[in-house]
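Descriptive analysis of the structure
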Amino acid sequence: MASTFNKTLLLCPEKYSLFRSFSDVLKVVSNEVVGFDVRKKIDKRSFRFDAQMFRFPNKIRTKWEDHFFGKINKLILEEFKRVKPDLVFIYNSEFLLPETCEMMKKDSKLIFFMGDSPFYTPANNYYLTVLSYADLVLAPDSFWLEQLNTLGITKTAFYLNAIESDSYFELEKSKIEDIPETDVMYVGMCYVNSWGYKKALLMDQFTNFNFKLYGNTVWKRWFNYFPELENKFSLSGHIPTEKLNKMFNKTKLIPVDGNPAIINGVHVRALEALGSGALPLMEYRKDIDTLIFKEFGKDLPLIRNYSKASEVASYYLKNDTERKDLAAAMKDFISKKYSVQNNAAIITDLLNKK
């Protein structure tokens, strides 16, 4: 595929494996890709403070946003003028202001990838507004796109990143000595509201197995309701990708629940599990069989009823060869359907449409 663009500016946190996935695709459609993570230019305390700003009264929040967003957008515009890209690829909104998007659109195409939905997760007040400046909005959830279409934002497409094989890949298990082997494992934060109860309820279905749960302190809130979880739990903060890949390699099954923002799609954890050779037990969502695994042709490891989750896990643990074969087939299917070349073609084809 011939490059469509000369230079692309990628606005995305570098710590995410998505950064590398985006870069790989953009290198196909652009002669040069320049990544810019504004978090490296501003102290971490400011970002932590901003993450809690939605809790404050409007007057205080507005004053903070004028300062914080102004500072960030000044840095982004300086990088934009230095790079002179003809394409800007943005993860979520990356704190952009509408006036910044308006300035960039004079010289560049703007593509947004929605990692989160502005409708269901705490986000800045400008997220939905800046999407209206997009030449293309990509999202891994069809319902998010339906909502944007209703608002009149119609330049949209379902888009799933390929398995990030440089981050999540299979290792020889016998050589991973610092990670305990498990049958079922879950890594992730919990919530203080009903979504936390829902998540704990699902994880409680696996306590009869060789199961380990890693996450934040909020999990402890639910141990009174699910006491068996306490002995399976290990407190953990952010786990580096290299270690997470080892942990996934040392387990057989990884539950993948639907979080508050995912309506029709599936969490990226399912792809990370497949990359590492584990089988994801996916809470059923519409996009799984209508879009993501459409034409797969085999039964998928789905959780349609929490009370049956342990039965699903037990089946695949008893049929280990089938588990391995299914995980390999799912990985191969996703790797081909959402390859770097195919995803690059989606972008160029849609941008070229009038």
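Coordinates for the structure precede this section.
These lines cover the structure that appears in this document, whether it is placed above or below. Here the structure is a predicted model, which is why all the values come from computation and not from measurement. (Residues numbered from 1 in each chain as written. Predicted model: local features only at pLDDT ≥ 70, side-chain atom pairs only at ≥ 80, totals over all residues. Heavy atoms only, no water.)

1. Considerations on the overall build of the chain
Each helix and strand in the chain was counted, giving 13 helices and twelve strands. A principal-axis box enclosing the C-alpha atoms of the chain has dimensions of 60 × 50 × 40 Å. Considering the chain as a whole, with its 354 residues, one finds that 53% of them fall into the buried category. Expressed as a percentage of contacts within the chain between residues at least 6 apart in sequence, the contacts between residues at least 24 apart total 68%. On the chain, roughly 17200 Å² of surface is accessible, and the fraction owed to carbon and sulfur atoms is 50%. Across the chain, the 50 positively charged side chains and the 44 negatively charged ones have centroids separated by 4 Å. (Helix = DSSP H or I, 4+ residues; strand = E, 2+ residues; numbered from the N terminus. Buried < 20%, exposed > 50% of the residue type's maximum accessible area, 1.4 Å probe, protein only. Contact = heavy atoms within 4.5 Å. Areas by Shrake-Rupley, 256 points an atom, 1.4 Å probe, with all protein chains shown as cover. Lys, Arg positive; Asp, Glu negative; His and termini not counted. Charge placed at Lys NZ, Arg CZ, Asp CG, Glu CD.)

2. Quick look at the packing of aromatic side chains
Centre-to-centre distance and the angle between the planes together describe a pair of aromatic rings. Taken as a whole and assessed by the stated rule, the structure comprises 22 aromatic pairs. Consider the rings of Phe68 and Phe69, whose centres lie 6.0 Å apart with planes at 75°: the pair is edge-to-face. The same class applies to Phe68 as to Phe69, namely buried. Seen from their ring centres, Phe68 and Phe95 are 5.8 Å apart, and the 90° between their planes marks the pair as edge-to-face. Within this pair, whereas Phe68 is found in helix α3 (residues 58-83), its partner Phe95 is found in the loop between β3 (87-91) and α4 (98-105), the two being separated by 27 residues in sequence. What makes Phe68 buried here is its relative accessible area of 1%. Given the relative accessible area of 13%, Phe95 is considered buried. By the ring-pair criterion, three or more aromatic residues cluster together here, those being Tyr16, Phe22, Phe89, Tyr91, Phe113 and Tyr159. The ring of Trp222 has Arg221 sitting right over it, with the charged end atom 5.6 Å from the ring centre. (Phe/Tyr/Trp six-rings, centres within 6.5 Å; stacked < 30°, edge-to-face > 60°. Lys NZ or Arg CZ within 6 Å of the ring centre and 35° of its normal.)

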